[in-house]
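Commentary on secondary and tertiary structure
Each chain is listed here by its residues.
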Amino acid sequence: MVQPAQAQNEAVERLKCNWCQGINLKTALSCQFCGAPLDLKDVVSESGWREAPRLKDMTEFHISNSTCQVEGEIVPVAEINVGQGDAFYFEHHVMLWKDPTVPMSVLQLPGGMKRVLAGMPFIISIAQGPGRVAFSRDATGELVVLPLHPGMELDVREHAFLLASANITYSFERIKGLRNILFGGQGMYMDRFVTTNQSGLLILHGYGNVFERTLKPGESILVEPGAFLYKDSTVQMNVQMQQLSTGIFGGSAMSLAQMIGPGRVGIQSMYVHHATE
Amino acid sequence: MSAAPSAPAAGRSYTCNWCGAVSDGTSLSCPSCGATINVKEIVTPTGWIEMPGRKDMAKLQIGKSSCQIEGLYVPAADFNLSPEDGVYFAHHVLLWKENSVAISMMSMKGAWKRAFAGMPIFMTQAKGPGHIAFSRDLPGELLALPLQPGQAVDVREHFLLVATDQVDYGWTNTNIWFNTKNGDETETHYPLGMFLDRFSASKMPGLLLLHASGNVFVRQLAPGQSILIKPTALIFKDPTVSMQLHFEHPNSGWNLWMSYIQRYLWLRVTGPGRIAIQSAFEPVEDNGQTITNHSPATRQQW
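Predicted model only: the values in this text are computed from it and were never measured.

**Observations concerning the overall build of chain A**
Scanning chain A from N- to C-terminus turns up three helices and 23 strands. Here the contacts in chain A between residues at least 6 apart in sequence split such that 68% fall between residues at least 24 apart.

Next comes the structure, spelled out in structure tokens:
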């Protein structure tokens, strides 16, 4: 029988993941919920940006009855061994390979016509277990593994999500304000991922390197709109025009996205560049 | 020129788990393909072998010539050619060269068909002595494929970086196509291109260097074993691996007004033999029109 003092010691010796806050066995080298290395220090810049954890090649982590393995480090692949009873959804063009026996279906999405007009994915595919499916995108970058705890809401740049577990609700959020739509570089909508009673797994692909910063209430920063990757739904996003004067040659303006806390903001270093006005 | 790696030292022998070459294992990397020596072979549970870690500045010995792989994001292949050796390549991959290296044009067989298929009809040839280096314009990996006499490999077009003179360059039909019809117009699509490059070694061993985008994975398929891959992810396959189209229709539960979203286009590859895929790949083109005819294919409606 485990004595209370012994149990307390074991509890103390558990490792907390700095990225997803998951609790792991003290012997674990990587987080069982998000794959982040547990033997490395948090990498945070002086300005407060935290690097998304660099997932080691062949890192494995778990969600429900399924396992995800990360393969490669230039354009990493997420290979999911989908367990019986589990399902994952994604945009179909990110599938790299699959077992022929994995059944495929389509997620029913609300607001289909709005999505088509906004250039958002109209059809989201679902792969059901058991079997293996692998996913990757088309450019150098990082996988950002975001285990979503119950009651979380996350807004994600269009076409940036790689896959999500079926217990996460997928909807879209209209970006408010005409200036945001015209100059924000995000299009009209963002993907919104919401968990209710259950936890879920969301994996994004960011181009280049990915950094995250947690803003305090009222704290704001300006980011290049093409670099925006994700944010908590509590973070407000507005467009701020920056006037650039060139003396007798007139001037131009550039738009930046102002993010106002509280909440997390994720950016990618290899961003889509939007020309100045 | 002989591409045989250095003879194993007495009492020592190391078999490269990437190319199978035998060396004495005293260097940091395989002298035949540059793979790290003693690297623990990394295999996913499904059997995909990730290309072995190749250290920066890994050196490959090819007879009296050598090749050093420099850099990790967009690696360059730096050849030191001996006077009797040569390589060929598409001219746009040339990074730099020394004045002593002579370059000339090498014409290809079947020029009209190659031009029609968008394949290069001329290759550039370089003769030693001297240094010449090659790289492509995308982050990715270099694959070194040593070819033994009688061995051949089928490569998707535009993946070749450079090959030694001992490697014969031919081509083969993919026989992967489908027709769509829009009104009176019929369009033929080739998800893999019309042709595959076929590289082979006849009498002498040779070296083939390919460049792929992203990470590279290789899998050995057993006889009759098949998997579905995105056509644009294929890098190379053994000639023994057969290919056909596979149309997959997800269960939507309702009728969609755009037909293409009800189908996924796959390439079904069936063993025996090796296949290699890249993790960064372009979307497969599908205009969404009704398919009126196609090469041999399988179909799955969920």
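**Here's the deal with the overall build of chain B**
Across its full length, chain B holds one helix and 27 strands. Considering chain B as a whole, with its 302 residues, one finds that 38% of them fall into the buried category. For chain B, restricting intrachain contacts to residue pairs at least 6 apart in sequence, the fraction spanning at least 24 positions comes to 71%.

**With respect to the pairing of strand β13 (residues 152–156) of chain B**
Residues and elements named next belong to chain B. With four of five residues buried, β13 lies mostly within the body of the structure. For β13 and strand β18 (residues 195–201), the ladder comprises five bridges, and the chain directions are antiparallel. From the neighbouring strand, Val155 faces β18, where its bridge partner is Asp197.

**So, the sheet that holds strand β3 (residues 50–51) of chain A**
Residues and elements named next belong to chain A. Strand order in the open sheet formed by seven strands is β3-β18-β23-β20-β13-β16-β15, with antiparallel pairing between adjacent strands. Bordering the open sheet on either side are β3 and β15 (169–174), each of which pairs with just one other strand. Summarising the sheet, strand β18 (residues 210–215) and strand β23 (residues 263–268) pair through six bridges and their orientation is antiparallel. Considered in β23, the bridge of Leu215 is made with Gly263.

**Focus on unusual backbone geometry**
The bulk of non-glycine residues show a negative phi, and the bulk of peptide bonds are trans. With omega at 5 degrees, the peptide bond leading from Gly129 of chain A into Pro130 of chain A counts as cis. Mapped onto the elements of the fold, Pro130 of chain A is located in the loop between β10 (124–128) and β11 (131–135). Here Gly128 of chain B and Pro129 of chain B are connected by a cis peptide whose omega angle stands at 10 degrees. Its place among the elements puts Pro129 of chain B in the loop between β10 (122–127) and β11 (130–134). At Gln21 of chain A, a position not held by glycine, the phi torsion is positive, near 70 degrees. Phi at Met58 of chain A is positive, roughly 70 degrees, even though this residue is not glycine. For Met58 of chain A, the position within the fold is in the loop between β3 and β4 (60–63).

**Thoughts on the sheet that holds β11 of chain A**
Within the open sheet, the nine strands sit side by side as β4(A)-β5(A)-β6(A)-β11(A)-β8(A)-β21(B)-β24(B)-β23(B)-β27(B). Their pairing is mixed. Lying at the two open borders of the sheet, with one neighbouring strand each, are β4 of chain A together with β27 (297–301) of chain B. Taking each pair of neighbouring strands and ignoring which way they run, the sheet shows an average axis angle of 25 degrees.

**Focus on the interface of chain A and chain B**
Taken residue by residue, the interface counts 31 residues in chain A and 30 residues in chain B. Counting residues per element, the ones that place at least two in the side of chain A that touches chain B are β5 (66–71), β6 (77–82), β8 (95–98) and β9 (104–107) of chain A. No other element matches β8 of chain A, which puts four residues into the side of chain A that touches chain B. Split by residue class, the side of chain A that touches chain B holds 15 nonpolar, eight polar and eight charged.

**Considering the environment of Leu161 of chain B**
Residues and elements named next belong to chain B. Within the fold, Leu161 resides in strand β14 (residues 160–164). Considered as a pair, Leu161 and Ile103 are 58 residues apart in the sequence and their alpha carbons are 16 Å apart. Setting aside its immediate chain neighbours within four residues, Leu161 contacts Ala77, Phe89, Val93, Phe134, Arg136, Leu142, Leu209, Leu210 and His211.

**Comments concerning the nonpolar core**
If you look at the biggest cluster of nonpolar residues, it comprises 134 residues, and the most contacted ones within it are Ala78, Phe135, Leu202 and Leu204 of chain A together with Leu210 of chain B. Other than its neighbours up to four places away in sequence, Leu202 of chain A contacts Leu146, Leu148, Leu154, Phe161, Ala164, Ile168 and Phe193 of chain A.

**Digging into the environment of Gly63 of chain B**
By the secondary structure assignment, Gly63 of chain B is in the loop between β4 (58–62) and β5 (65–70). Once the C-alpha coordinates of Gly63 of chain B and Gly150 of chain B are considered, the two residues, 87 residues apart in sequence, prove to be 18 Å apart.

**Describing the environment of Gly271 of chain B**
Residue and element names in this part refer to chain B. Inspection of the secondary structure assignment puts Gly271 in the loop between β24 (264–270) and β25 (273–278). Using a count of 20 C-beta atoms within 10 Å as the deciding quantity, one classes Gly271 as buried. Taking the C-alpha atoms as reference points, Gly271 and Glu98, separated by 173 residues in sequence, lie 44 Å from one another. If we skip the residues at most four places from it in the chain, Gly271 touches Leu221, Ala222, Pro223, Gly224, Gln225 and Val241.

Reading the values: rules and limits
Residues numbered from 1 in each chain as written. Chains lettered and ligands numbered in written order. Predicted model: local features only at pLDDT ≥ 70, side-chain atom pairs only at ≥ 80, totals over all residues. Helix = DSSP H or I, 4+ residues; strand = E, 2+ residues; numbered from the N terminus. Contact = placed C-beta atoms within 7 Å. Buried ≥ 20, exposed ≤ 12 C-beta atoms within 10 Å, placed from the backbone. Pairing = 2+ DSSP bridges. Axes fitted to C-alpha atoms, helices over the stretch in contact; angles between N-to-C directions. Nonpolar A, V, L, I, M, F, W, Y, C, P; charged D, E, K, R; others polar. Core = buried A, V, L, I, M, F, W, Y, C linked by C-beta atoms within 7 Å.

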